[in-house]
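Each chain, written out:
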Amino acid sequence: MRILGIESSCDEAAAAVVEDGRRVLAERVASQADAFAAWGGVVPEIAARAHVEAMPGVIAAALADAGITPRDLDGVAVGAWPGLTGSLVCGVTAAKAIALSLDLPLMAVDHVQAHLAAIHLGRDTVTYPLVGLAASGGHSHLFRCRGPGDLDLLGGTIDDAAGEAFDKGAAVLGLPYPGGPELDRLAEDGDPGAIPLPRSFMGDADLRMSFAGLKTAFLYAVRGQGGRGPAPTDPRRIADAAASLRAAVVDQLVDRLLLAARREEVRAVAVAGGVACNRLLRRRLAESCRTAGLDLYLPEPRHCADNAAMIAVLGHHHLRAGRTTGRDLVPLPTGRAGPRA
Ligand code: KG4
Ligand code: ZN
């Protein structure tokens with residue numbers, strides 16, 4: 001079964017063809033991240049217009065790379081929530097046009113659930129149940145997963161997402177948007193103990209996380225009380241600050257994930273979402289899962305960040321389960337899987 005996946009929830013217009021819910025035949029992505037460096041973040045109106053421009057070319061290129069025509073597809077899956085409304089509308093409209101013109105099934109996919117479904121890419125079997133952590137720019141949530149798209153929310157952040165803490169921390173250090181990956185790179189040479197920072201709720205019995213207080217503590221530590229001082233320029237100070245923030249975020253994520261795994265009595269965990277690209281997080285997960293005797297499903301970095309292959313994987317499972325959507329599909333900015341569902 002070949003599914004075309006379309007993703008446009010934020011500043012990436014992406015398309016992928018995935019066979020049998022695990023083999024990527026082709027994937028293409030047009031990122032607007034560079035364009036938003038000058039703005040310090042995503043400007044929704046500009047992202048939506050850029051998607052409208054890029055999407056047809058991205059889809060055509062993915063199909064050409066896969067060596068197929070739209071007639072060889074078995075269905076079209078699209079990330080329909082959560083995300084920026086204008087951006088989502090572009091992907092949803094493109095998916096509808098293809099599905100309608102070829103009378104193909106259309107599958108609406110939850111972006112957060114799709115991040116966790118990415119663990120199926122390039123893998124023949126995944127053993128469920130497992131505890132999944134979706135950590136991105138908008139989410140840091142723990143789920144009990146019985147299968148792709150079949151999950152219950154266990155807990156997560158009560159305020160900001162981990163990716164938000166990385167991006168804002170990077171801005172405090174004067175790094176351009178999107179700062180998370182750059183902060184991660186600089187942290188490799190820093191001392192994680194240089195700045196003492198809070199780890200909210202660690203050791204607590206509840207599956208809660210918080211990154212808002214950490215963000216403020218970091219701002220004051222780096223830019224002085226009130227946070228009005230200049231960004232540091234000394235490379236050693238920048239690296240030490242980056243390493244300190246990264247360690248505080250990663251400590252919380254790993255601690256909560258292991259607690260959830262113990263409590264749910266699962267033998268495997270999965271971590272996905274853009275933050276799962278983080279090098280320290282990947283190293284720490286490998287170590288701690290080995291020690292705890294847990295299997296770790298961690299997609300390769302390009303399938304942790306926003307991508308269309310993960311949308312096609314979940315679309316494949318929706319189609320197999322008969323969960324297709326009507327032609328009247330409307331994207332939902334707030335989504336259904338997170339705490340605001
Ligand atoms: O999943 P994603 O690509 O988009 C959303 O669904 O939000 O996640 C983007 C987030 C951003 O906050 C970005 O800074 C963060 O993932 N991120 C990282 C790294 N790569 C991406 N954070 C820390 N370290 C990284 N290497
Ligand atoms: Zn995402």
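Residues numbered from 1 in each chain as written. Chains lettered and ligands numbered in written order. Predicted model: local features only at pLDDT ≥ 70, side-chain atom pairs only at ≥ 80, totals over all residues. Heavy atoms only, no water.

Now for the nonpolar core. In terms of nonpolar packing, the biggest core is built from 48 residues, with Leu-173 and Leu-253 touching the most fellow members. Of all the secondary structure elements, the ones that give two or more residues to this core are strand E6 (130–135), helix H5 (162–172), helix H6 (179–187), helix H7 (212–223), helix H8 (235–264), strand E10 (268–272) and helix H9 (279–292). The greatest single-element share of this core, amounting to 15 residues, is contributed by H8. Apart from residues lying up to four places away in sequence, Leu-173 is in contact with Leu-183, Phe-218, Val-222, Ala-231, Pro-232, Ile-238, Ala-241 and Ala-242. With 29 residues, the next largest nonpolar core counts Ala-15, Met-55, Val-78 and Cys-90 among its residues. (Core = buried A, V, L, I, M, F, W, Y, C linked by side-chain atoms within 4.5 Å. Buried < 20%, exposed > 50% of the residue type's maximum accessible area, 1.4 Å probe, protein only. Helix = DSSP H or I, 4+ residues; strand = E, 2+ residues; numbered from the N terminus. Contact = heavy atoms within 4.5 Å.)

Moving on, we come to the coordination of the zinc ion (ligand 2). The coordination sphere of the zinc ion (ligand 2), as far as protein atoms go, consists of His-111 (NE2), His-115 (NE2) and Asp-306 (OD), spread over 2.0 to 2.1 Å. Spacing between the donor residues of the zinc ion (ligand 2) along the chain follows H-x3-H-x190-D. With His-115 in helix H4 (residues 111–117) and Asp-306 in the loop between helix H10 (301–304) and helix H11 (309–320), the pair connects residues that are 191 residues apart, well separated along the chain. (Donors = N, O, S within 2.8 Å, 3.2 Å for Na, K, Ca; no water.)

Read from one edge to the other, the open sheet built from 6 strands follows the order E9-E8-E7-E6-E10-E11, with strand pairing classed as mixed. The open sheet has two free edges, formed respectively by strand E9 (208–209) and strand E11 (295–297), since each of these has just one partner strand. (Pairing = 2+ DSSP bridges.)

On to the domain arrangement of the protein, then. Domain parsing of the protein yields domain 1 (2–118 + 306–320) and domain 2 (127–298). The gap between the C-alpha centroids of domain 1 and domain 2 is 27 Å. Across the contact, 15 residues belong to domain 1 and 15 residues belong to domain 2. For the pair domain 1 and domain 2, the summed buried surface comes to about 1200 Å²; carbon and sulfur atoms form 78% of the total. Among the residues domain 1 hides against domain 2, the three largest losses belong to Val-112, His-115 and Leu-116. Together they make up 48% of the total. (Domains from an automatic or database assignment. Buried area = accessible area lost by both parts, 1.4 Å probe.)

Residues in contact with ligand 1 amount to 18 residues; listed here are only the nearest, Gly-137, Asp-167, Asp-184, Gly-274 and Asn-278. Within the backbone of Gly-274, a nitrogen or oxygen atom sits 2.9 Å from an oxygen atom of ligand 1. Here an oxygen atom of ligand 1 sits 3.5 Å away from a polar atom, N or O, in the main chain of Val-275. Within the complex, 85% of the 560 Å² of free accessible area of ligand 1 lies under protein. For the shell around ligand 1, the secondary-structure elements that each account for two or more residues are H4, H5 and H6. Classifying every residue of the shell around ligand 1 gives 5 nonpolar, 10 polar and 3 charged. (Near = heavy atom within 4 Å. Polar contact = N/O pair within 3.5 Å; in protein donor to acceptor, adjacent residues only side chain to side chain. Areas by Shrake-Rupley, 256 points an atom, 1.4 Å probe, with all protein chains shown as cover. Nonpolar A, V, L, I, M, F, W, Y, C, P; charged D, E, K, R; others polar.)

Moving on: the sheet that holds strand E3 (residues 23–31). If you walk across this open sheet you meet the 5 strands as E3-E2-E1-E4-E5, and the pairing is mixed. The open sheet has two edge strands with one neighbour each: E3 and strand E5 (106–110). For this sheet, the mean inter-axis angle between neighbouring strands, taken without regard to orientation, is 20°. Bridging between strand E1 (residues 2–7) and strand E4 (residues 75–81) involves 4 bridges; their strand directions are parallel. (Axes fitted to C-alpha atoms, helices over the stretch in contact; angles between N-to-C directions.)

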